[in-house]
Structure formats: structure tokens, C-alpha cells
Amino acid sequence: MYAVIGYILFALLVSWFYVRRRLDPLYSIPAVGPSWPLISYLGAFKFARHAREMLQEGYDKYKGSVFRISMLDRWAVIFCGTAMNEELQKLPDDQMSFLGAVEEVVQHKYTIAEEVVSDPFHINIIRGPLTRNLAALLPAIVDEIDASFRELIPTHGNEWVTISAVPLMARIVCRVSNRVFVGMPTCRNSELLDIVINFTRDVAKGRFMLSFVPIILKPQVPFKFGLRPLSDEACRLVGPLLPWSRRALKQFSVIMKPVVEDRMRQIEEHGKEWAERPNVLMTWLVEEAIRLGKSADLIVQALLVSNFVANHTSTISVTHALYHLAASPEYIQPLREEIDAVLKTEGWTKVGIGKMWKLDSFMRESQRLNGISGTLKDVTLSDGTLIPAGTLCGAAAAGTHHDEENYNRPHLFDPFRFSDKRFDEDEQVKHQYVTTSPQYIPFGHGRHACPGRFFAANELKAVVAYFIVNYDVMFPGGGERPGNVWFGSSVIPDQTAQIMFRKRQRIK
Ligand code: HEM
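What counts and what doesn't
- Residues numbered from 1 in each chain as written.
- Predicted model: local features only at pLDDT ≥ 70, side-chain atom pairs only at ≥ 80, totals over all residues.
- Heavy atoms only, no water.
- UniProt positions renumbered as here; feature names shortened; annotations may be inferred.
- Helix = DSSP H or I, 4+ residues; strand = E, 2+ residues; numbered from the N terminus.
- Buried < 20%, exposed > 50% of the residue type's maximum accessible area, 1.4 Å probe, protein only.
- Contact = heavy atoms within 4.5 Å.
- pLDDT = per-residue confidence, 0-100.
- Core = buried A, V, L, I, M, F, W, Y, C linked by side-chain atoms within 4.5 Å.
- Axes fitted to C-alpha atoms, helices over the stretch in contact; angles between N-to-C directions.
- Parallel < 35°, antiparallel > 145°, perpendicular 65-115°, else oblique.
- Nonpolar A, V, L, I, M, F, W, Y, C, P; charged D, E, K, R; others polar.

The name given to the protein in an unreviewed UniProt entry is Cytochrome P450, and the organism recorded there is Fibroporia radiculosa. Heading Cofactor (unreviewed entry) of the UniProt record for the protein holds this comment: "heme".

Shown next, in the form of C-alpha cells:
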């Protein structure tokens with residue numbers, strides 16, 4: 001009797017899965033990896049370890065269209081090819097919500113900080129005052145680069161020193177960014193630097209834990225093709241228990257809140273113009289917060305989130321560039337010639353940095369070939385036809401950047417491929433480091449393209465220019481560039497490599 005009931009229940013379950021799959025348009029999208037219930041988890045585990053191969057396989061098979069790939073708790077739909085990248089970024093906000101989907105995946109409220117997620121007022125300050133003030137900020141950026149290189153790369157005479165690349169670049173980037181975000185002397189507070197450098201790991205730990213939550217706890221809500229898991233509800237139970245980010249925010253706040261409150265008092269007392277008014281992100285955030293009646297706590301959160309979006313991406317990008325230089329010293333000479341010549345006429349200015357075309361091309365090419373992510377731009381799409389609402393979508397960045405239709409010999413690192421094209425006047429803007437297009441998406445593309453990329457480009461070009469004119473670099477024993485590490489769909493430079501530095505040997 002029980003066996004019969006068991007068979008009937010099993011048959012009902014199988015029929016339910018079958019009908020659901022037939023009705024849900026998501027399942028008409030081709031899958032890379034196993035697609036059937038339960039077995040698809042194998043695909044999710046495979047994706048965690050072989051994302052690069054699976055994304056490339058999907059790109060090659062479905063270019064000009066989309067495919068789906070299994071994550072632990074959902075399917076993601078990947079758009080492939082230039083035309084699809086264009087289509088994805090053109091979809092209006094009422095059909096797809098960039099922020100909504102990022103929130104769905106990252107669960108910022110629990111992994112970062114709640115208030116600033118619902119009120120990300122820092123984005124307009126990064127897009128506006130920070131970008132407009134880059135020329136005025138450049139001397140401070142270069143001063144901080146100079147101070148951190150002297151402190152962190154202790155060279156003597158013509159001796160080589162060997163240093164772990166990633167921690168070094170993280171420290172330099174973080175100091176330089178914070179010279180612009182919070183100014184002196186706070187940007188050199190080593191406790192603060194440790195908190196913001198480790199914050200990426202704190203957030204990642206929270207995300208990792210939450211990605212398992214839905215399997216155990218996610219309530220299912222009805223939608224038109226059956227049931228969909230509601231991750232926010234599940235995360236609401238577990239999110240507040242995650243300790244890492246809350247602890248980091250608390251420690252960051254202990255240091256930053258008194259500084260922010262002091263800046264608030266000064267601005268309330270003196271207004272916008274006063275002699276020692278520091279020209280930094282924090283000042284503009286405070287001015288905006290006062291105008292809109294926002295709290296010191298929100299400003300503190302905005303500063304932590306600005307660090308989060310800026311430092312990890314910038315560290316990855318500058319480390320990739322450093323690895324190319326250390327592995328191929330033959331690129332150093334042409335870059336040095338260009339930088340030395342520009343510095344002679346323009347000095348360390350924004351105009352000068354803008355004239356370093358070869359360097360610009362080098363950074364753009366390094367980011368094309370390495371990138372920071374294999375997929376990009378998680379969006380909730382509801383076009384009502386092909387992809388059901390609530391589906392997570394992304395663009396295949398690595399596929400796009402390694403596509404022969406977009407780039408000549410796409411797998412080759414050709415550092416000056418973009419600067420060579422800029423000699424044609426009509427092509428000058430198109431090939432700049434900061435210019436995004438459906439063929440070039442390391443900074444995203446369209447409405448939500450990275451608003452910090454103008455700052456990042458100036459900062460990172462200044463860092464790389466500084467070490468090219470001041471140091472010789474190589475891998476120990478003249479070794480090769482270590483391969484990149486794929487972490488799910490994130491692409492990061494080898495985390496353990498060491499680089500040798502010595503003071504530049506000038507030819508007399
Ligand atoms: C090389 C360094 C950087 C890279 C590769 C990078 C890349 C990205 C990417 C891919 C996105 C998502 C865009 C999209 O999906 O279309 C993004 C968003 C964002 N980035 Fe960057 N970024 C960098 C540096 C920075 C810096 C230095 C800042 C701050 C000063 C910053 C602030 C932001 C913000 C606020 C967003 C969210 C924009 C929004 O929600 O509309 N980024 N970045």
C-alpha cells in the first residue's frame with residue numbers, strides 16, 4: 001500500500017517537474033552543463049571550478065544568442081556577442097533592474113551595509129564632483145604614490161628587492177584611493193587600511209554563506225510557471241547572523257565617524273568655502289548629506305562602499321599590468337620614452353597622464369585580456385517573451401574580449417594595439433582606456449557603466465607610470481607571467497607571485 005502511494009507521489013513529482021519545464025520559457029534556453037533537476041547541481045559545482053571553459057563553450061556555441069548555466073541556487077542566462085551586449089545594455093530600467101539583481105546576488109544589505117544600499121547617494125558624487133576634480137586631485141595622487149612606493153619598496157643602491165605583488169599593490173591602491181576619499185592623515189592610518197583591504201574578503205564570506213542558504217531555507221513563492229525561490233526572505237533569517245561585514249563596518253565607523261562628524265561641523269560653521277577645506281570625496285559626501293538631511297552613519301557607510309567598489313577592482317587591474325611588465329621587460333623601454341617625454345613638458349598633471357597614449361593602451365589591453373569577470377552585469381530582465389522575470393542575466397566578458405570578430409589575434413597581448421589606432425583622428429576617443437563599447441566591457445557598458453573609471457584610469461596610470469620611470473621590474477629568475485586564477489566567474493591575477501624591484505638604472 002505504502003509502496004503504491006510512494007510510486008504515485010513520485011509519478012506526480014516527475015509530472016510536475018515535466019509540466020513546469022515545458023511551460024517555463026527559461027527551460028527553452030539551451031543549457032551548458034547538465035540541465036535536469038538535481039543533476040544540474042553537478043553543473044553548478046563544475047561551474048565553480050571550470051567557469052572559463054563552460055563560458056567559452058557557451059559563447060562559441062550560442063554567439064548572437066543566449067545560453068543558461070546552473071548556479072547553486074538559480075539559473076543564470078548569459079548573453080553572447082557584441083549585438084547581444086548592445087541589446088542587454090539598451091533594455092530600459094523598468095524591464096530590468098541592475099541594482100535589484102545585484103542585490104539579489106550580493107545581498108548587500110547583509111554582506112555590506114543596509115542603509116547605503118537603499119540610498120546609494122555616493123554614486124552621483126563619484127560620477128560628478130570626483131570626476132570633475134581629477135585635475136586638481138592629481139598632485140595629491142602622485143604625492144601619495146611617491147610616499148607609498150618609498151615606504152613599501154625599500155630599495156638600496158642597485159640591489160633588487162623581492163616583494164609579494166598582490167599585498168603590495170593592494171596597499172598602494174588603497175592608500176592612494178583614500179588620499180582622494182578621506183585625505184591626510186587618515187589615508188595613512190594602517191588600521192583603516194587593513195579594514196578596507198580585508199573588507200572584500202568579509203563581503204565574499206557573507207555571499208558564500210548566503211549562496212547556500214536557499215537550498216536549506218528558501219521559501220518557494222508561486223509565479224506563473226510554478227514556484228520560484230524567494231532568496232530575500234531566506235537571507236533575512238540568516239543575513240543578520242553574518243558577523244564579518246558588520247564587524248568591519250563597526251571598526252571602520254570607530255575611526256571614520258568622528259572625522260565625518262568633525263567635517264560636518266566645519267561645513268555647517270563655514271559653509272562651502274573655507275581656507276582649509278579638503279578637496280576630497282568625504283567633503284563632497286558631507287556637503288550633499290547636509291543638503292539632503294542625511295546622517296553621519298550613512299556617510300560612513302558610503303565611504304566604506306566606495307572603498308569596496310574601488311579597491312579590489314583597481315588592485316586586480318594594476319597587478320595584471322605589473323605582471324605583464326615584469327614578464328616582458330621589452331615593453332618598458334617604449335613606455336619609459338613616452339612617459340619621460342611627457343613628464344618633461346607637462347609634469348605629473350592630468351593633461352600629461354592624458355598624453356600617455358602607449359600607457360593608456362597598455363592598461364586597456366591588459367584589462368581586455370585579463371578582465372575582472374567572466375560574466376558581467378547581473379540584471380533582472382522581464383521582456384515578457386524569451387526570459388522570464390526574475391532571471392539573472394549577464395554578458396560573457398571573456399568571450400567578447402577573445403572574439404576574433406572584435407580583435408585581431410585576440411589571444412595575444414599586444415600592448416600598443418589601441419595607441420596605434422589613435423593616430424587616426426576619428427579613432428582617438430574610441431580606443432581610450434575609459435571608453436566602453438559592446439566590444440569592450442571590463443567597466444561594463446551603458447547606463448550602469450562604472451562611474452569611477454575616470455578616477456581609476458588616472459590613478460592606475462599614475463601608479464604604473466611612476467614605477468616605470470623609477471624602477472626596473474622582473475619576476476624572480478626572469479620567470480614568466482603566472483596564469484590567471486578563475487574563481488567562479490571572477491578572474492584574478494595569481495595571488496602568490498613575487499616581483500623583484502630595483503631602482504631604475506639610468507644610462508649615463
Ligand atoms: C580598474 C578599476 C575598476 C573596474 C575594472 C571597475 C569595474 C566596474 C564594473 C564592471 C561595474 C559594473 C558596471 C556594469 O555592470 O555595467 C562597476 C560599477 C561601479 N563602479 Fe567600478 N570599476 C573600477 C574602479 C572603480 C572605482 C575606482 C570606483 C570609485 C571611485 C568605482 C565605482 C563604481 C560604482 C559606484 C559602481 C556601481 C554603478 C551603479 O550601480 O550604477 N569603480 N565597476
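J.: What exactly am I supposed to notice about the overall build of the protein here?
T.: Counting its secondary structure elements, the protein contains 20 helices and 13 strands. Looking at the protein as a whole, 53% of its 508 residues qualify as buried. Considering only residue pairs separated by 6 or more positions, the protein has 73% of its internal contacts joining residues 24 or more positions apart.

J.: For this particular structure, what's the right way to read the confidence of the model for the protein?
T.: The predicted coordinates ought not to be read in detail in places where the model reports low pLDDT. Of the residues in the protein, 84% reach a pLDDT of 70 or more, and the chain-wide mean stands at 84. Here residues 381-385 is modelled with pLDDT under 50, and outside its nearest four sequence neighbours on either side it reaches 16 contacts, counting other chains as well.

J.: Please clarify how the nonpolar core should be interpreted in this entry.
T.: Where a protein is soluble and globular, its nonpolar side chains tend to be buried together. Of all hydrophobic cores here, the largest spans 101 residues; its most connected members are V260, L303, L325, F467 and F501. Per-element accounting of this core gives the leading share, 16 residues, to helix α14 (residues 296-327). Contact partners of F501, with chain neighbours within four places excluded, come to I153, T155, E159, W160, V161, I163, L168, L322, Y471, D472 and V473. Grouped together as the second largest cluster of nonpolar side chains are 15 residues, A51, F67, W486 and V491 included.

J.: Mind showing me how you'd approach the packing of helix α15 (residues 332-346) against helix α20 (residues 453-470) here?
T.: Pairs of packed helices are described in terms of their axes, by the angle between the two and the distance that separates them. Where α15 meets α20, the closest approach of the two axes is 9 Å, and the angle between their N-to-C directions is 105°. It follows that α15 is roughly perpendicular to α20 by the angle criterion. For the pair α15 and α20, the contacting residues are I332, L335, R336, I339, D340 and L343 in the first and A465, I468 and V469 in the second. Taken together, the residues of the contact of α15 with α20 sort by class into seven nonpolar, no polar and two charged.

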